[in-house]
Every structure is written in structure tokens, then in C-alpha cells.
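The lines below spell out each chain.
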Amino acid sequence: MTVQPGAITLDIINMAEANGLFYPPDPGSMKSSTIGGNISENSGGLRGLKYGVTRDYVMGLEIVLANGDIIRTGGKLAKDVAGYDLTRLYVGAEGTLGIITEAILKLVPKPETKKTMLALYEDLEAAARTVSKIIANRIIPATLEFLDQPTIAAVEDYVKIGLPTEAKAVLLIEQDGSPEQVDRDILKIEEICKSEQAVSVQVAKTTEEAEALTTARRWALSAIARIKPTTILEDATVPRSEIARMVRAINEIGAKYNLQICTFGHSGDGNLHPTVPTDARNREEMERVEKAFEEIFIKAVEFGGTITGEHGVGVMKAPYLELKLGEAGIAAMKAIKAGLDPNNIMNPGKMFAKDTRKRVVVGK
Amino acid sequence: MTTVQEQQTIQTEFKNRMNEDELLNCMRCGFCLPSCPTYIESGFKESHSPRGRIALMKAVVDGLIEPDEDFEKSLNQCLGCRACEPVCPSGVNYGHLLEEARDIINQNKKHSLPVRTVRKVVFDGLFPHQNRMRTAMGLLGFYQRSGLQKVARGTGIMKLFPESLATMERVLPKVPSMKEMKNRPEFLPAEAPKTKRVAFFTGCLMDTMFLETNNATMKLLQLAGCEIVIPKGQNCCGALHGHSGEKSGSKDLARKNIQAFEDLDVDYIITNAGGCGAFLVDYDHLLKDDPVWKDRAIDFKNKIKDITQILYEVDFHKKVKLELPYQIVTYQDSCHLRNVMKTAAAPRALLQAIEGADYKEMKDADRCCGSAGIYNIVESEMSMQILDYKMEQTKATHATTVVSANPGCLLQMKLGIEREGLSDKMRAVHIVDLLQEAVK
Ligand SMILES: Cc1cc2nc3c(=O)[nH]c(=O)nc-3n(C[C@H](O)[C@H](O)[C@H](O)COP(=O)(O)OP(=O)(O)OC[C@H]3O[C@@H](n4cnc5c(N)ncnc54)[C@H](O)[C@@H]3O)c2cc1C
Ligand code: SF4
Ligand code: SF4
């Protein structure tokens, strides 16, 4: 599909599906985000574990460079190794290297059917083990989402759907594909959940039931956002095997700085969203939030992860980029930036910070 | 024009009066953008989106920008439809922010003399006085019946008005006679085994221009087994004031209404205009800083219910046979009924229960029709653009009957039908009138 950069993500998804095809990247913001923004941030989504992220669906781009030249990268060919892979360079470039004016997207066949299930745990590690075991059993679910205890409590407090607020973790799992394969996978996943002492496992029988099961995940952000005026959401990401350790580390950091941190996210790919409800006017608390996030980022990198899984670096996380890339990594990227945008007119101030390690959340 | 000095006062007032918690509560996620009609119709301009308007209000509070013409324009173009509220994950009460902002601007700005005069007449002289409303409507009725209307249309004098206003003049319903408007009942018994005792909020416009709809409303309530009290002391709900930056006027009206309905010993207070109902359920917010009235306002608001909701709840559509000659029917949500009173399923269920009515849901039925109080007159261009989209969706259903549950929306849909030249094929009716028609 060839699209203009301002096309809304959900419109693209609907257009593909109306033609029996499928555009998998489904960021939480898809109702309002544009494909130009998605490409520039290399957005992921709930279906990322099985289907990959935006990068995996961009085949070619038209770009206006800083000097006014217009270039075309890639195209509709499945194989094409003529020169550098500029398409990949521009995916996730955050608008710092040029302006995308058109994109060719890859579509895949639409899965025949989908099933949804929800598992509750009293033990965080058990939930993490479930995730590993599912993958070890050669099943890649379309969705594998996770909510921690503070998030569950916040959701229950807000939507009152009968979640046990003392549960330590919730996993929302979806599989899609042919009916036989979906049934087989779901059955197997159910077995795995039970073998890991899930306290309850529900499989939806109808679309309405499936909707109901996804309620908790869908309302997670709303529920947390309503606790206090300011909501700060980050997306530290770790290898799948480190999820439990990371969540525990986040909770410890929260306790240390006396902050309420709710964590939810895409457990299948280790992409977590530690979220802090706070108040931007409370300077003293904001300083603590700042320090807590710095520690979270350091921990994530220590566990072999990254400072951002899908939201990008932008301005806020620019000071932390070096944590992940090292000096040489930054230098290489700056060389590319200088070559393509010598006058620094494309999104100046994004990605590269003037000085390192300061200010995630406290502005000016 | 706003003078520099006025801008300064407005800025100070913003700092003092705007609810900062609410402003900060917006996390700028953009979930509200796809549901904002002005954002869509302006060609996706951030300054015409809910998120943009909140950011502008906050920037004024923070002293980052001055409340200049552009700022006012952004707020003026807002429909106040509140479609941005149910979709907001943070639960930002946008409507309250807008009302406060408009009030600050209006109270601190010197309007030009003609505008001032009109505002004075409308807000102080007319709407708060039901007897004067009757007189004004009586004049309109005289205009319609006396032949003056024909003369006016014949001389082309209507061409001097904005196009929408001129068309509006053609679609206004026939106003009842003075006598009909004066002799209103104060009590009506149930006409089926009595299940509820309710009070009826008649509304200023509804009890004059839309008198027939009020009569139908009461008839349906009686058939549904409700005993009805219609207290004399009630008044205009104050929505028009509230939405136009005349907050203190709307507070006076609120107090009068609360008093009028307080000691009636009723289960509910019924409204048949989404716009009024939504304003009534917000009385507790309006009077939140008034220690004497705060709790009384809460008691009042808890009783407010739309006519469609109560009919649905008492199974009116199952108990009374409803039948019409075959016709395709579609429903246009009243924004305030849907987004503020959260009533959307009941009217649809009632329509679907009518035998012979082939119900077709239109695309984006929940999107504003562009009526929005006096918006269609003061922001005519944007309003007509929004209406054009609405008519496209209406036509796509092939409906011959377009149903609404609010007088403003009803007039706007009539206007749309007239503008499309479809008056011989399509009609717009209030849901209550259609139900009455369907009662066997
Ligand atoms: C509530 C919420 C939920 C989210 N959920 C997810 C999620 O699940 N997964 C995920 O990955 N992200 C998520 N995000 C992050 C964000 O939505 C995505 O990064 C999205 O792709 C941004 O798209 P946009 O159109 O809003 O871009 P914008 O915010 O407008 O732009 C993003 C950046 O791209 C640049 N840019 C935009 N268009 C172009 C262009 N044509 N050429 C060059 N540069 C351009 C801009 O300058 C800017 O720097 C979420 C965000 C929110 C607010
Ligand atoms: S949806 Fe709510 S929080 Fe998000 S931008 Fe709109 S008003 Fe702000
Ligand atoms: S009230 Fe309506 S027009 Fe105004 S910002 Fe909200 S959605 Fe847009």
C-alpha cells in the first residue's frame, strides 16, 4: 500500500482489512497517530511480538532531504541490495534526517480468527516463567500483555470489573491464525498457565467475552492517569527473561523514592511501561521522579535492555542515549546527522543532548 | 477587538479562576482528536482541537501567551459538544474548562454596542422570564400567521441575513397561539397503573416554540404510568447563559429551578431536551462554591432523567403497541444527551421497537450536527461545513425520517434537509413526537 505521511494509522489498518489484508503495527495511539509519525518513531504495538514493528512493514520511502533534494529509497521489490539500506535508517530517525513524504507499506494476509485469554497470578515470577515457557513451546502469541499489582489495583479501583487487587500479575494473551492452530495454541497456553499456578485462567468464548477480557489492559493507562494530574510514562525495555527482575527492581526503586509506580506493558517483548502518577507543580516530588527514572534506565541497560523500546528518544531521553550507545555509538550517529543535515535544521534538539544525563521530566 | 488592558485583566482572571488541576490533568495524548468535529473540519488544526485548546488555556494561565484574537477564535470555534470527554483517558472535564474560560473572556471584554444590546436583551431580559418568552414567541407566531412572513420572504429582505439564518427562518416550526402557551397544566394523573411520580422540566423554548412536543412528552409519561407534576416556578435551565459566558445569570436560574422542584416528592425530574438536561445535571458543578446551594444542587441533579431513558426503564416500548407506516428511520445523537447524560442506547431501543420503522444507524451519528446553541448563527461557516458532512451520512441511510432528542439539533437537521432541497422526501422529528405518532 502506498500512503501519504499524514494518513492515520487506524485508517490504514481498516483499509487493509477491508481488502482482506492486514497491517499489523497497532500502537496504542493508532486512532490519532499518523504513519509519518509511526515510521519516524518505529512504533510497535500489541501485536509486535508475533508480527514485528513498523520497521518490518516499510518497504520504501520518499524523503525530502535537508538540502531540498528528493530521494526515493527501497520499493516494492522483496529483494533489493543496491546501496545502503536508507529505508531502515529513516525508520526511527525521529525526523532528524529529513521529511518523509510518501511510504510503501507491506501488507500480509489477514488472520482467519483470533482467541483471547486472561490469566491471574499470585506470584510475579510464575507469570514471567509462563511467558518464557510459552515461547519455549514454540508458540508465538499475537499478544502477550502484562499488568503488575499496582496497575491491577488502579484499574480495579477505577472500572470495578472484579479483578482481585492482591493479584501480583495479570497476563492477557491472544493468538490468531487458522482456527485449528489457534485452538491448539490456546489449549497449550492454558495448560502452561495452570502448570505455573495461575490462580485463574479464562478463555473467551465470544467476541463480547474477548472484549471484556481486554478491558483491564485497555483501561490501564486511563486508570493510572486519573490518580493524579500529571502522568509520566516511560518505556524501558529488557530481554524477556529479565522481566520479573526488572519489575521487582522498579518496585524497589519506587519504594526507595516513595513514589507510586505502576508497570504494565508488552511482556512478550520485554517492553515495559513504568508509569508514575504525580503532580508537575510539586517540584520536590518531580526531582524524585527524575532520579527514579534515571535508576530505572540504568537498571534496564544493566539487564541487557534499552532506555526506550518504542517511544523514541526525542528531547526527554536524549541525555540518556549515551547510556545505551556509548561514546563511539553517539559519534557514529552524529556523523550521519552532520552528513545529511549539516545546518541542523531537521528537528534540532531531538535525539542528541547538549549535555548528558540530566532531566527526564523536569523542564527548564 | 480586545484592548491590551482587557487582555491583561483576562490573563489575571485566568490565573485566578481556571482550575489548574484540570488543565494539568491533560496528558496531551491526543485520544480526543479523532472525535473533535472542529479539528476534523478545520483540516486537522491543533489550535481547533481539544488538546490544543487546553494547551492554549494553560499557556494563558502560565503567562506564555496573551489571550489575543487567535486565542479567542480558537475558543469561539469550539462547539462545546463535549465529544472529547468520554474518550479522554485522563477524564479531563473539558466542558467545565471551556465554560470558565468563556465566562472570563466575556465578563472582561467590552462588546461593541449592538452586541452588548443584543446580549442584554437575550440574557437578562428574555430567557429568564417565561412570560416574556411567550410574548416573544407570540410575536414570532404573529409574524408567521399574519402574512408578514410572506411579505418578508417576498421582498427578499431575508437575503440580507446570513444564508443559514435565512434558511433557519423558513424551517422554524409554527408557533402556538398565546392562549395555548398560557394555559398549561400543573398536574396530570397516570393513565396506566401508576408506577412513578415524576416532575416535568418544561424548558423555555420547549414550552413555547415546541409546545406540541411537550404535550406529547406528558402524554407518553401518562401512558407509561407516571403521575406528573409541572411546577409553575420553574425557569429556563440557563444553558444558553452558561455556554455564552454569562455564568452568574445561569447560577440565578439554577437556584430558582432547584427551589421550584425541591419539595415535590418525586422520583425523577424529566427533561426532553438533551441540551437542557445536560446543563441541569451540571448544577452541582455550577454551584460547587456556594455552601447554601451545593447539596441541594446534588439532590436535584440526581433526579434528572431524559424522557427516553425513563420510557425505556419502565418498558414503555414493550407495554404499549407502537406502529407506523413503513419508513426508514435514523437517529442523530444529541451531543449533550450522549456525552454528558450518557443516554444513547435508550432512544435507539425505543425506535427499534416501533413496528414499521426500519431503523438504520447512520455513520458517525455521535458526531455533532453543528447546531450547538447559537453556534450555527455566530460561527455560521464552520457550522454549515459540519452540517454538510452530517447530511451526507444521513442521505447514505436513505432515511425518510430523521429523529433527534433535542430542539437545537432538530432545527439544525431541518435546516440541513431544507438546504439539500429534500423537504419533500425527508422530515426531521423529535423522538417524542414520533413515538406519540406511533402509539396505537
Ligand atoms: C496514548 C499513547 C499511546 C501510545 N502507544 C504507543 C504504542 O503502543 N507503541 C508505540 O510504539 N508508541 C506508542 N505511542 C507513541 C506515539 O504514539 C508513536 O510514537 C506515534 O508513532 C507517533 O505518531 P504521531 O503521528 O503522533 O507523530 P508525532 O508525535 O506528530 O511525531 C513524532 C516524531 O516524528 C516526526 N515526524 C512526524 N511525521 C514525520 C514525517 N512525515 N517525516 C519526518 N518526521 C516526521 C516528528 O517531527 C516527531 O519528532 C503512544 C503515544 C501515546 C500518546
Ligand atoms: S484525550 Fe484527554 S488527556 Fe488526551 S489530549 Fe485529549 S484532553 Fe488531553
Ligand atoms: S467540545 Fe466538541 S468541538 Fe469543542 S473541543 Fe471538545 S470535541 Fe472539539
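Residues numbered from 1 in each chain as written. Chains lettered and ligands numbered in written order. Predicted model: local features only at pLDDT ≥ 70, side-chain atom pairs only at ≥ 80, totals over all residues. Heavy atoms only, no water.

## A closer look at the pairing of strand β4 (residues 70–74) of chain A
Residues and elements named next belong to chain A. Note that strand β3 (residues 58–64) and β4 share 5 bridges and pair antiparallel. Of the residues in β4, the one forming a bridge with Gly 60 is Gly 74. The antiparallel hairpin formed by β3 and β4 contains 5 residues in its connecting segment, where Gly 68 sits at a positive phi of about 95°. (Pairing = 2+ DSSP bridges. Helix = DSSP H or I, 4+ residues; strand = E, 2+ residues; numbered from the N terminus.)

## Some remarks on the domain arrangement of chain B
All names here are of chain B. We note that the domain assignment places domain 1 (4–107), domain 2 (179–311) and domain 3 (319–439) within chain B. Here the C-alpha centre of domain 3 lies 29 Å away from the C-alpha centre of domain 1. Across the contact, 14 residues belong to domain 1 and 14 residues belong to domain 3. Together, the buried faces of domain 1 and domain 3 total about 1,300 Å²; carbon and sulfur atoms form 59% of this surface. Looking at the side of domain 1 facing domain 3, the largest losses of area belong to Glu 41, Gln 77 and Leu 79, adding up to 45% of the total buried there. At the surface where domain 1 touches domain 3, the tally comes to 0 salt bridges. At the boundary of domain 1 with domain 3, the tally comes to 5 residue pairs in polar contact (both at pLDDT 80 or more). It is helix α3 (residues 37–41) that contributes the most residues to the side of domain 1 that touches domain 3, 4 residues altogether. Of the residues belonging to the side of domain 1 that touches domain 3, the class tally is 7 nonpolar, 5 polar and 2 charged. (Domains from an automatic or database assignment. Contact = heavy atoms within 4.5 Å. Buried area = accessible area lost by both parts, 1.4 Å probe. Salt bridge = Lys/Arg side-chain N within 4 Å of Asp/Glu carboxyl O. Polar contact = N/O pair within 3.5 Å; in protein donor to acceptor, adjacent residues only side chain to side chain. Nonpolar A, V, L, I, M, F, W, Y, C, P; charged D, E, K, R; others polar.)

## Looking at the packing of aromatic side chains
Within this structure, the stated rule accounts for 11 aromatic pairs over all chains. Considering the side-chain rings of Tyr 158 of chain A and Trp 219 of chain A, the 5.6 Å spacing of their centres and the 65° angle between planes classify their relative orientation as edge-to-face. A residue pair is termed long-range when its members are at least 10 positions apart, and Tyr 158 of chain A in helix α6 (residues 149–159) and Trp 219 of chain A in helix α8 (residues 207–225) qualify at 61 residues. Tyr 158 of chain A gets classed as partly exposed once you look at its relative accessible area, which sits at 31%. On the basis of relative accessibility, which here comes to 28%, the residue Trp 219 of chain A falls in the partly exposed class. Here Tyr 283 of chain B and Phe 300 of chain B contribute two aromatic rings whose centre-to-centre distance is 5.2 Å and whose plane-to-plane angle is 15°, an arrangement assigned as stacked. With Tyr 283 of chain B in helix α16 (residues 283–286) and Phe 300 of chain B in helix α17 (residues 294–303), this residue pair connects regions lying 17 residues apart in the sequence. Phe 300 of chain B shares its class with Tyr 283 of chain B; the two are buried. These aromatic residues form a ring-pair network of at least three members: Phe 201, Phe 261, Phe 279, Tyr 283 and Phe 300 of chain B. (Phe/Tyr/Trp six-rings, centres within 6.5 Å; stacked < 30°, edge-to-face > 60°. Buried < 20%, exposed > 50% of the residue type's maximum accessible area, 1.4 Å probe, protein only.)

## Considering the domain arrangement of chain A
Residue and element names in this part refer to chain A. Along its sequence, chain A is organised into domain 1 (2–109) and domain 2 (113–221). For domain 1 and domain 2, the distance between their C-alpha centres works out to 30 Å. Contacts between domain 1 and domain 2 engage 7 residues on the former and 10 residues on the latter. Contact with domain 2 buries surface across domain 1, with Leu 46, Leu 49 and Lys 50 losing the most and accounting together for 83% of the total. Run the count over domain 1 and domain 2 and you get 1 salt bridge. Linking domain 1 to domain 2 there are 3 residue pairs in polar contact (both at pLDDT 80 or more). If you tally residues by element for the side of domain 1 that touches domain 2, the top one is helix α3 (residues 48–51), at 4 residues. Across the side of domain 1 that touches domain 2, the residue classes tally to 4 nonpolar, 1 polar and 2 charged.

## What about the site of ligand 3?
Residue and element names in this part refer to chain B. As a structural note, the neighbourhood of ligand 3 is formed by 13 residues, with Cys 36, Arg 53, Cys 78, Cys 81 and Cys 84 the closest of them. Broken down by secondary-structure element, the contributors of at least two residues to the shell around ligand 3 are α3 and α4 (50–61). Of the residues assigned to the shell around ligand 3, the class counts are 9 nonpolar, 2 polar and 2 charged. (Near = heavy atom within 4 Å.)

## A closer look at the state of the cysteines
Considering all chains together, one arrives at 0 disulfides over all chains under this definition. No disulfide involves Cys 368 of chain B; its sulfur sits 3.8 Å from that of Cys 335 of chain B, the nearest cysteine. (Disulfide = S-S within 2.5 Å.)

## Let's talk about the packing of helix α23 (residues 380–396) of chain B against helix α24 (residues 407–419) of chain B
Residues and elements named next belong to chain B. Interaxial distance between α23 and α24 falls to 10 Å at its minimum, and their mutual angle equals 75°. With respect to α24, the axis of α23 lies roughly perpendicular. Two secondary-structure elements touch here, α23 through Ser 383, Met 384, Leu 387, Asp 388, Lys 390, Met 391 and Thr 394 and α24 through Gln 412, Met 413, Leu 415, Gly 416, Ile 417 and Arg 419. Residues that form the contact of α23 with α24 fall into these classes: 6 nonpolar, 4 polar and 3 charged. (Axes fitted to C-alpha atoms, helices over the stretch in contact; angles between N-to-C directions. Parallel < 35°, antiparallel > 145°, perpendicular 65-115°, else oblique.)

## Some words on the packing of helix α1 (residues 4–17) of chain B against α4 of chain B
All names here are of chain B. Relative orientation of the contacting elements α1 and α4 amounts to 100°, with a least axis distance of 8 Å. One finds that α1 runs roughly perpendicular with respect to α4. On the side of α1, the interface is formed by Gln 11, Phe 14 and Lys 15, while α4 contributes Met 57, Val 60 and Val 61. Classifying every residue of the contact of α1 with α4 gives 4 nonpolar, 1 polar and 1 charged.

## Structural notes on a nonpolar patch on the surface
The grouping of Ile 374, Ile 377 and Val 378 of chain B at the surface amounts to a nonpolar patch, some 250 Å² of accessible area in total. With respect to the helices and strands, Val 378 of chain B occurs in helix α22 (residues 375–378). (Patch = residues over 30% accessible without salt bridge, like charges linked within 9 Å, V, L, I, M, F, W, Y side chains within 5 Å. Areas by Shrake-Rupley, 256 points an atom, 1.4 Å probe, with all protein chains shown as cover.)

## Overview of the sheet that holds strand β13 (residues 271–278) of chain A
Residues and elements named next belong to chain A. Taking strand neighbours across the sheet as the criterion, the 7 strands line up as β10-β7-β9-β8-β12-β13-β11 in an open arrangement whose pairing is antiparallel. Since the sheet does not close on itself, it has two edges, and those belong to β10 (200–203) and β11 (230–233), each with one partner. Neighbour to neighbour, the strand axes of the sheet diverge by 15° on average, direction disregarded. Of the pairings in the sheet, the one linking strand β7 (residues 113–121) to strand β9 (residues 169–177) comprises 9 bridges and is antiparallel in character. Note that in β9 the partner of Ala 119 across the bridge is Leu 171. Packing of α8 onto the sheet brings it into contact with β7, β8 (143–148), β9, β10, β11, β12 (262–266) and β13, and relative to β12 it is tilted by some 135°.

## Some words on the nonpolar core
All names here are of chain B. Of all hydrophobic cores here, the largest spans 83 residues; its most connected members are Tyr 283, Ile 310, Leu 351 and Ile 354. Examining the composition of this core, we find that 6 residues originate from one element, α24, more than from any other. For this core, the two domains that each supply at least three residues are domain 2 (179–311) and domain 3 (319–439). Once residues within four sequence positions are removed from consideration, Leu 351 is found in contact with Val 329, Tyr 331, Ala 357, Tyr 359, Val 403, Ile 431 and Leu 434. (Core = buried A, V, L, I, M, F, W, Y, C linked by side-chain atoms within 4.5 Å.)

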